[in-house]
Amino acid sequence: MPNFIIKTHQKNAIYKGNQIYILNKGMNSGKPQNEPFTNSFVILFQNDEDAETVYWLAYSLWKAKFWHQSLLGSVIPFLRIADFKKDFMSKVNEMMQEHELHKKQVQALRFLEQKEDQLQKNIVLINEMRRVILTRYCKKK
């Protein structure tokens, strides 16, 4: 079972060891990232393995829009840290019961992320080629 501490991220804070950041404002609340967001929680770990495991659990919850039910506020929705801690801890415990299934799911998610990155790069190249062709075509006339 991963061991971690959840805190509100402070702008100029420097954390030792491994950490991930969870966005806590807006419709993308719950989104994990390795770099800090302006409005985020930080989850601190003692080792890389725990950080990696929890990152993918947080990613799964974010993609499934799990945090939408906990959002508060009418103009800019946000997550409260107490709600996040309670729900996140229970979900981590629940999801870690099936550790082998979790490993397979993470492997599949990583594969899909790689494929998505490749497709995004291809789209950028296609758009660049289209721009070059159109630029050349328009200059000839």
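Keep in mind that this is a model prediction, so the values were computed, not measured.

Student: For this particular structure, what's the right way to read the sheet that holds strand β3 (residues 32-33)?
Tutor: Pairing between the strands of a sheet is mediated by backbone hydrogen bonds and can be parallel or antiparallel. Pairing in this open sheet of 4 strands is antiparallel, and the strands run β1-β4-β2-β3 from one edge to the other. The sheet is open, and its two edges are formed by β1 (4-8) and β3, each paired on a single side. Looking at chain direction, β1 and strand β4 (residues 40-45) are connected through 5 bridges and run antiparallel. Across the sheet, residue Lys7 finds its bridge partner in β4, namely Val42. Lying on the sheet, helix α1 (residues 48-63) is in contact with β1, β2 (18-23), β3 and β4; it crosses β2 at an angle near 15 degrees. Running at roughly 160 degrees to β1, helix α2 (residues 81-96) makes contact with β1, β2 and β4 of the sheet.

Student: Just to check I follow, could you spell out the packing of α1 against α2 for this structure?
Tutor: Each packed pair of helices is defined by two parameters, the angle between the axes and the distance between the axes. Taken N-terminus to C-terminus, the directions of α1 and α2 make an angle of 110 degrees; their axes are 11 Å apart at the nearest point. It follows that α1 is roughly perpendicular to α2 by the angle criterion. Along the contact surface, α1 presents Thr53, Val54, Leu57, Ala58, Ser60 and Leu61, while α2 presents Phe88, Lys91, Val92, Met95 and Met96. Considering only residue class, the contact of α1 with α2 consists of 8 nonpolar, 2 polar and 1 charged.

Student: Before we go on, may I ask you to explain the pattern of salt bridges in this structure?
Tutor: Side chains that differ in charge, positive against negative, can pair when their charged atoms come close. By the definition in use, this model includes 6 salt bridges. The salt bridge involving Arg80 is made with Asp83; its shortest N-O contact spans 3.5 Å. When its relative accessible area of 46% is taken as the criterion, Arg80 is described as partly exposed. Close ionic contact of Glu100 with Lys103 constitutes a salt bridge, the shortest N to O distance being 3.8 Å. Taken together, the positions of Glu100 and Lys103, both in helix α3 (residues 99-140) and 3 residues apart, correspond to about one turn of that helix. The class of Glu100 is exposed, set by a relative accessible area of 52%. The exposure class assigned to Lys103 is partly exposed, which follows from its relative accessible area of 45%.

Student: Help me understand α2 in this model?
Tutor: The α-helix winds at 3.6 residues per turn, so residues separated by three or four positions along the chain end up facing the same way. When the terminal C-alpha atoms of α2 are compared, their 22 Å separation across 16 residues agrees well with the 22 Å that a helix rising 1.5 Å per residue should span. When α2 is considered as a whole, its buried residues turn out to be Phe84, Asp87, Phe88, Val92 and Met96. Down the axis of α2, the buried set is contained in an arc of 150 degrees. They therefore lie on one face. Residues of α2 that are exposed and angled more than 90 degrees away from the buried face: Ala82 and Lys86.

Rules of the game
Residues numbered from 1 in each chain as written. Predicted model: local features only at pLDDT ≥ 70, side-chain atom pairs only at ≥ 80, totals over all residues. Heavy atoms only, no water. Pairing = 2+ DSSP bridges. Helix = DSSP H or I, 4+ residues; strand = E, 2+ residues; numbered from the N terminus. Contact = heavy atoms within 4.5 Å. Axes fitted to C-alpha atoms, helices over the stretch in contact; angles between N-to-C directions. Parallel < 35°, antiparallel > 145°, perpendicular 65-115°, else oblique. Nonpolar A, V, L, I, M, F, W, Y, C, P; charged D, E, K, R; others polar. Salt bridge = Lys/Arg side-chain N within 4 Å of Asp/Glu carboxyl O. Buried < 20%, exposed > 50% of the residue type's maximum accessible area, 1.4 Å probe, protein only. Expected span 1.5 Å × (residues − 1). Arc of directions from axis to C-beta.

This is a description of form; function is not addressed.
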